[in-house]
Every structure is written in C-alpha cells, then in structure tokens.
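Listed below are the residues making up each chain.
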Amino acid sequence: MAQSCYYLDGYPLYEHYHACWEFLDNDVDWSFHGKDATWFDITHVMRLFPHLTLDENYRLVCYLTYGYHGTFGRVRALRHGIPSEPTVESVFSDPRVDFVIGKKLTPPKGSANPMEAIYNDGTPEGYFEALLCSEFLRTLPGINSLFHNWMPILTQPPTDYPSAWDTYLDVTDWRPRILLSKDRSPTLFAYSRYIENGVEGSDGQDIIHLTQYSFHRNLFHYHYKQIRMHLACPEEQIEDYSRYKDGRCCCVFDESPIMIAREKEYRSKFKNVRWMFEPPRDPSK
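Calculation criteria
Residues numbered from 1 in each chain as written. Predicted model: local features only at pLDDT ≥ 70, side-chain atom pairs only at ≥ 80, totals over all residues. Heavy atoms only, no water. Helix = DSSP H or I, 4+ residues; strand = E, 2+ residues; numbered from the N terminus. Contact = heavy atoms within 4.5 Å. Pairing = 2+ DSSP bridges. Salt bridge = Lys/Arg side-chain N within 4 Å of Asp/Glu carboxyl O. Buried < 20%, exposed > 50% of the residue type's maximum accessible area, 1.4 Å probe, protein only. Axes fitted to C-alpha atoms, helices over the stretch in contact; angles between N-to-C directions.

Novice: Tell me about the environment of threonine 106, residues and numbers included.
Specialist: Along the chain, the position of threonine 106 falls in strand 7 (residues 104-106). Apart from the residues within four sequence positions on either side, threonine 106 is in contact with Pro86 and Thr87.

Here it is as structure tokens:
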C-alpha cells in the first residue's frame, strides 16, 4: 500500500521550544547540596507533549553528576516501586580526576530507555513529538556542560543561509514530513542544526543535517539489535508483550543523518544558543 506524506508545517514548534526552556528554567533544581549526584522526578515533563503519554507503570527520573566541565547524566524510566537512588563511584579513585571528569553514575538496575515507556497517539504530530521528546530528554542532563551541543529542528533555513555556509545539497522545502501507511513503519524526515559551541575541541562551525527517523512498530527488533551491538542489556529493556495498539504507538526509532551544509567560519556560541530556538527572522526586515 502506498504511503501518505504529511507535512508538519502547522505544528507550533517554536512555542514548544519556548515551553521547554521554561521547564528548564523553572522546574529543574540543578543544585547538588554537597552531594556527588542528584536525581529528581521529571514525569511532569510529559505535559509539554500533548500527543504523548507515559506508561502508567513508569515514572521518569533525571540523574545528574558533575565534574569540572559541568553537569552530565541520564534520564531513565523506572517502574513504580523501584528505588530511585543510583550508584555513584569514583572512576580512578583519585579526587583530582573526579574533579575533572566526574564520578561514574549508574542508574538503578531495571531502569530503561525513557522512550520505551512512552506512547504516541499514532498521528503525524505524535511521531514528531516523539522525536522532540527524545531529543529533549537526551539534552536535559547536560545543558550546563561545557561540551553540551543542541540540535534544534529547522523549518526554514538560517537567516544567513546560504551565504555563510558551504552547501552540499540544494533544499527548496525545509518542512518536516512523515510517511504513514497501514503496512509500513512510519518514517519521518527533518532538517536539524547541530550547534558546535566553539569551546574546547569544538571548531564552532555548525552542521545542518537531513535525517531519516525510522520508527519501530514494536520493540522486538530494536532490542535484538541493541543487544547484538552491545548497546544495552535485557534488564535495561521494557518487555514488549502486546504493549502497542491504536492510540498507543511505539516511540523508538533509528536515525540516519547526512550532512547537507556546514558553516564557513568559526563562531563561539557557548551558553548563547537560545536565540536559535526562536522563529526564523525575516532577513528583509
């Protein structure tokens, strides 16, 4: 059966980005209070994604530790009843090394990839929000890190495009789009800007990607590949027995990016990226 192509130009992307920034500013306690690590429930982040729902048996917990270069950590899905406390241990048993690279933080055994515990409603907007949610949860633990990199989705080219960019592919339509059918797994295409912050080893030259996001219908094949590639172990995966049905679709995907453009000049953007999440400005004004 032929797939139908849906364009997502009507989705309020930049209003969503603004809501995410508000969440980071007002709903996250970044203080450690003298501890080596901190952790807190962020289940309420789901209110930012109206087309997504969290499995009623799980909650979302953000784990943070820190080193000289800022915070880092992970967001995990925990089944209700599993204690939240992680294991924190020194990597080299040397306080000087801990200060630079931080300590090793291991979430509780049985915690899982948060996107495995989240459903979308099967609409084009639902799959798009699955992508946005995945990126947000990946990004959240390290936003105070020197090495942090953002990757906002683009709906229009940057205002200095293409004059300030080396381009490798001509693009006439920047809208995200998704292919849906009853017989095939959903596939989403979107352009994104990988922000190089211009500090430490970064060259400060952003890259624009065109990425294909191939969503799974269930978790079986995804889990198999993760285990075969030594990227996960069975106890970190949610069992997939009749989890999915109409209105409760899988949010896990594989991604295949290609570079289509790269900034020509170095620019330091460390801690100054919020403007990139605002609606594109009209260069004629």
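Picking up after the structure, the text goes on.
Novice: Residues and numbers for the sheet that holds strand 3 (residues 52-54), please.
Specialist: If you walk across this open sheet you meet the three strands as 3-8-14, and the pairing is antiparallel. On the outer flanks of this sheet lie strand 3 and strand 14 (249-250), each paired with one strand and no other. Pairing geometry for strand 8 (residues 118-120) and strand 14, over two bridges, is antiparallel. By the bridge assignment, tyrosine 119 is partnered in strand 14 with cysteine 250.

Novice: Go over the pattern of salt bridges with me, naming the residues and quoting the values.
Specialist: By the definition in use, this model includes twelve salt bridges. Here arginine 47 makes a salt bridge to aspartate 27, at a shortest N to O gap of 2.9 Å. Separated by 20 residues along the polypeptide, arginine 47 in the loop between strand 2 (37-41) and strand 3 and aspartate 27 in the loop between helix 1 (13-26) and strand 2 bring together distant segments of the chain. Residue classification places arginine 47 among the exposed residues on the basis of a relative accessible area of 52%. Linking arginine 177 and aspartate 173 is a salt bridge whose minimum nitrogen-to-oxygen distance equals 3.6 Å. Taken together, the shared-partner salt bridges connect Asp9, Asp173, Arg175 and Arg177 into one network.

Novice: I'd like a rundown of the pairing of strand 5 (residues 70-79), residues and numbers included.
Specialist: Two strands pair when backbone bridges link them, and strand 4 (residues 58-67) and strand 5 are joined in this way by ten bridges, in the antiparallel orientation. Its bridge partner lying in strand 5, arginine 59 is registered against leucine 78. Following strand 4, the chain reverses through two residues before pairing antiparallel with strand 5.

Novice: Account for the sheet that holds strand 4, naming residues and giving values.
Specialist: Read from one edge of the open sheet, three strands run 2-4-5, paired in antiparallel fashion. Looking at the sheet topology across the chains shown, the edges are occupied by strand 2 and strand 5. For this sheet, the mean angle separating the axes of adjacent strands, direction not counted, is 20 degrees. Pairing of strand 2 with strand 4, which is carried by five bridges, proceeds in the antiparallel orientation. When the bridges of strand 4 are listed, tryptophan 39 appears paired with tyrosine 63.

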